[in-house]
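Residues per chain are reported as follows:
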Amino acid sequence: LSLHDALPIWGLNGTYLASSNGDWAKTNDVYHSEGTVRSKWAITTTCSTPVECTGHVVSDQGWSADVNLHGSEYVVRRDIGNWEPCADGAARTGHQIYRFYPVDERGLVTWGSNILAGVYQTSGDSGACGINKALVIALPFRLEKAS
């Protein structure tokens, strides 16, 4: 198997079902139930080597963002305006990051798998809303290839 033949297993291309598990959410490192979110992602990537992939995600929730392969995990970053409500009626931006990697049925890293697992985290800025501690919410995350 040549390097060129191996590249397709590294990239993500197609439609994926994305879901977070709100039952296992953490707010500032304390378990706190959040809503479960399900959506569809259209992902396209191009890999120049097995460790250099870049691409784009379009969610059916109305947002899009770049996706990159960093080491052994894919990373998607985006900002959410008016995410953290403040007591004065204002709201601050949340910074969301999805980190995920391909796994087998036991959760072990398996390149080429149609199932990916990881975590997504949304955080505010320290000092937002006059509080010297960032609000951080993290949830387990899963992607499964639909087509």
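Criteria and cut-off values
Residue numbers restart at each chain and count upward from 1, following the sequence in its written direction. In keeping with the predicted nature of the model, local features appear solely for residues at pLDDT of at least 70, side-chain atom pairs appear and are counted solely at 80 or more, and the whole-chain, interface and lining totals rest on all residues. As a convention, hydrogens and water are excluded, and side-chain values are obtained from all of the structure's heavy atoms. A side-chain nitrogen of Lys or Arg and a carboxyl oxygen of Asp or Glu constitute a salt bridge if their distance falls within 4 Å. A run of H or I in DSSP counts as a helix once it spans at least four residues, and a run of E counts as a strand once it spans at least two, with each numbered from the N terminus. The pairing test for Phe, Tyr and Trp rings, Trp by its six-membered ring, is centres within 6.5 Å, and the orientation test on the planes gives stacked under 30 degrees, edge-to-face over 60, and tilted for anything in between. Within this scheme, the nonpolar core is defined by two criteria: the residues are buried Ala, Val, Leu, Ile, Met, Phe, Trp, Tyr or Cys, and they are joined through side-chain atoms within 4.5 Å. The classification of residues rests on relative accessible area computed with a 1.4 Å probe and restricted to protein chains. Under 20% of the type maximum is buried, over 50% is exposed, and intermediate values are partly exposed. Here, two residues are considered to be in contact whenever any of their heavy atoms come within 4.5 Å of each other. Pairs of cysteine sulfur atoms within 2.5 Å are identified as disulfides in what follows.

Visitor: Could you clarify how one ought to interpret the pattern of salt bridges in this entry?
Guide: Opposite charge on two side chains permits pairing when their charged atoms draw close. Per the stated rule, a full pass over the model turns up three salt bridges. As a salt-bridge pair, Glu 73 and Arg 99 come within 2.8 Å of each other at their nearest N and O atoms. In this pair, Glu 73 is assigned in strand S7 (residues 73-85) and Arg 99 in strand S8 (residues 91-102), connecting sequence segments 26 residues apart.

Visitor: What should I look at first to understand the packing of aromatic side chains in this one?
Guide: Each aromatic ring pair is described using two quantities: the centre-to-centre distance and the angle formed by the ring planes. Under the definition given, this model contains 12 aromatic pairs. Three or more aromatic residues joined by ring pairs form one cluster here, namely Trp 41, Trp 63, Tyr 74, Tyr 98, Phe 100, Trp 111, Tyr 120 and Phe 141.

Visitor: Explain the nonpolar core to me, please; I cannot follow it from the model alone.
Guide: Side chains of nonpolar character tend, in soluble globular proteins, to be buried together. Among the nonpolar cores identified, the biggest contains 24 residues, and Trp 41, Ile 43, Val 76, Tyr 98, Phe 100, Phe 141 and Leu 143 are the most heavily contacted of them. Elements represented by at least two residues in this core include exactly strand S1 (14-20), strand S4 (38-49), strand S5 (52-59), strand S6 (64-70), S7, S8, strand S9 (115-123) and strand S10 (136-145). No other element matches S10, which puts four residues into this core. In this structure, Phe 141 is in contact with Ala 18, Ser 19, Trp 41, Tyr 98, Phe 100, Leu 116, Ala 117, Gly 118, Val 119 and Tyr 120, ignoring residues within four places of it in sequence.

Visitor: Could you clarify how one ought to interpret the state of the cysteines in this entry?
Guide: Disulfides are covalent bonds that connect the sulfur atoms of two cysteines. Scanning all chains against the criterion turns up two disulfides. Covalently, Cys 47 is tied to Cys 53 through a disulfide, its sulfur atoms 2.0 Å apart. Across the S-S bond linking Cys 47 and Cys 53, the dihedral sits near 105 degrees, which makes this disulfide right-handed. Among the residues examined, Cys 53 registers a relative accessible area of 3% and is labelled buried. Linked covalently through their sulfurs, Cys 86 and Cys 129 form a disulfide whose S-S length is 1.8 Å. Disulfide Cys 86-Cys 129: the torsion about the S-S bond is -65 degrees, which places it as left-handed. Here the residue Cys 86 occupies a position in the loop between S7 and S8, and Cys 129 occupies one in the loop between S9 and S10, the gap between them amounting to 43 residues. When the cysteines of the protein chain that form disulfides are numbered from the N-terminus onward, they connect as 1-2, 3-4.

Visitor: Even after reading the chapter, I still don't get unusual backbone geometry, so can you show me in this structure?
Guide: For residues that are not glycine, phi is negative in most cases, and the peptide bond is trans in most cases. Positioned with a positive phi, Asp 29 is a non-glycine residue whose angle comes to about 70 degrees. Residue position: Asp 29 is located in the loop between strand S2 (26-27) and strand S3 (30-31). Phi angles above zero are rare outside glycine, and Asn 82 is one such case at about 55 degrees. Counting through the fold element by element, Asn 82 comes out in strand S7. Residue classification places Asn 82 among the exposed positions, given a relative accessible area of 62%.

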